[in-house]
Number of protein chains: 2
Amino acid sequence: MAYRQTDKVSARLADTRRSILDAARDLVSEGGFAAAQVSEVARRAGVATGTIYRYFSSKEELCRQIFREVSSQEMGLLATIASGDEPARTRLVKVLRTFAGRAVKGRRLAYALLAEPVDANLAEERAFFRRTHAEIFSRILEDGIEAGELPPMNAKIAAACIAGAIPTALIGPLAPQSQDLDKDPERIVDEIVAFCLAGVGVAQPDRKARKIERRATV
Amino acid sequence: MAYRQTDKVSARLADTRRSILDAARDLVSEGGFAAAQVSEVARRAGVATGTIYRYFSSKEELCRQIFREVSSQEMGLLATIASGDEPARTRLVKVLRTFAGRAVKGRRLAYALLAEPVDANLAEERAFFRRTHAEIFSRILEDGIEAGELPPMNAKIAAACIAGAIPTALIGPLAPQSQDLDKDPERIVDEIVAFCLAGVGVAQPDRKARKIERRATV
DNA sequence: TCAAGAAATGAACCATGGTTCACGCCCCCC
DNA sequence: GGGGGGCGTGAACCATGGTTCATTTCTTGA
């Protein structure tokens, strides 16, 4: 025996792994998963193509990691708001505004996570991500129905509608022009959230009330 | 000069073209665009692979044709309802129920048209399709707002929300189990349409009224 | 310093699936 | 019926992009 991994080395390995993940994530948030070609990731991370395969068994696994890292961060944010002890309607407004607001800010990334064409394996990961969204929405709705804050409805279906409406109205061919989104994102987010709230039977607050609630979100 | 295309020949050519298109469309509605590989289309149509290229300059063009044929049929259906002279709210209900109803019935095809990963060129075609949908919705909404049947809102954004909510709630990972959709499609369609109507400020009709309107849709 | 083994390398490899093309056949007109 | 095409064929070709692996370059303990 003449070689055993020392701390210094394993730290360097961890660094390399990290820099590969970072490179991949950057590429994804710039140009979607399509831009994250193995050789390009390697170039960015400053390693050889083959090196990627010492850290990830396949491109698919690398992409999956990226997906998990990014999406779990987003979901954590929403889950925290959702599990607060405020009234359901308040939590609902905050969650929707946060979801929409973050999608606007990180449009390219949101596109990659929610809408970009990906292959079957990544699609699974995405399905999980979206289902978690829907579950967060639907749990709040159920709370609200139980508490009499919201009218009775099929919460799962309403949640799916919300999870479809918000990204569609913000990303992709039905979204407003990108420049308009940058110019006045709040107005557009307001409008979309208003649609969803009305959809689940929340009477619209007037503009002044809206402004107050707005402060409470990311 | 010793050859000029005769009627018999051009009829045969048209037939072949048609059978290629049919084969491709069948494959798409069975397994999405992914299943429509050139060699497979050729096999189904009973011609050689190379023959496809005597009728279509590329696979992309073939797919585009399929897309147009199928989607223009769907859009025509909606456009007809939309341009009727009934009150905006009635037209809206009919259009939404038709859109949702057809998506449920032809789920695989709807998936291919609306959600399946496709490459950039087909994505353009899809964008057109979806924009047309949104335009149909938004025109009705504008009519309704103008007539005082609907509250003021940004019709374009609301239309995008609708165009996102309905497919998301019916197709893909957030849709109910396929067997549940088959068991009682109407109930689910009702629920989704109710969400969208509420979203644009239409007070919910009670169940009896709904049943009457239901008869009026495809 | 040296041997043993891990880590890194990147050019070659391979799988997939669209596209081409040299050839044979059929159709038209003289 | 013969010649000048267009039409049909399908095996070969090619482009893309992920994956491998023989080789080289560290690292480590003796």
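Structure's up top.
First, a word on what this report is: a plain description of the structure on this page. (Residues numbered from 1 in each chain as written. Chains lettered and ligands numbered in written order. Predicted model: local features only at pLDDT ≥ 70, side-chain atom pairs only at ≥ 80, totals over all residues. Heavy atoms only, no water.)

### Observations regarding the nonpolar core
Formed by 140 residues in total, the largest nonpolar core has its most connected members in L170 of chain A together with L170 of chain B. Excluding anything up to four places from it in sequence, L170 of chain A contacts A100, A103, V104, R107, A175, L181, I188 and I192 of chain A. (Core = buried A, V, L, I, M, F, W, Y, C linked by side-chain atoms within 4.5 Å. Buried < 20%, exposed > 50% of the residue type's maximum accessible area, 1.4 Å probe, protein only. Contact = heavy atoms within 4.5 Å.)

### Looking at helix α7 (residues 120–146) of chain B
Here α7 of chain B is 27 residues long and its end C-alpha atoms lie 38 Å apart, about the 39 Å a rise of 1.5 Å per residue gives. With its phi angle positive at about 75 degrees, G148 of chain B sits one or two positions after the end of α7 of chain B. (Helix = DSSP H or I, 4+ residues; strand = E, 2+ residues; numbered from the N terminus. Expected span 1.5 Å × (residues − 1).)

### Remarks on the relation of the copies chain B and chain A
Screw-axis analysis of chain B against chain A gives a translation of 0.0 Å along the axis, an RMSD of 0.1 Å, and a rotation angle of 180 degrees. Considering both components of the superposition, the chain copies are consistent with a two-fold axis. Both copies share a contact surface, since 100% of the interface residues of chain B are interface residues in chain A too. (Least-squares fit on C-alpha atoms with pLDDT ≥ 70 in both.)

### Some details on the packing of aromatic side chains
Residues and elements named next belong to chain A. Under the criterion given, the structure shown has seven aromatic pairs over all chains. Ring geometry for F99 versus F137: centroids 5.6 Å apart, planes at 55 degrees, classification tilted. One end of the pair, F99, is in helix α5 (residues 88–105); the other, F137, is in helix α7 (residues 120–146), with 38 residues separating them in the sequence. With respect to class, F99 is no different from F137; both count as buried. (Phe/Tyr/Trp six-rings, centres within 6.5 Å; stacked < 30°, edge-to-face > 60°.)

Purely spatial values, then, with no claim about function.
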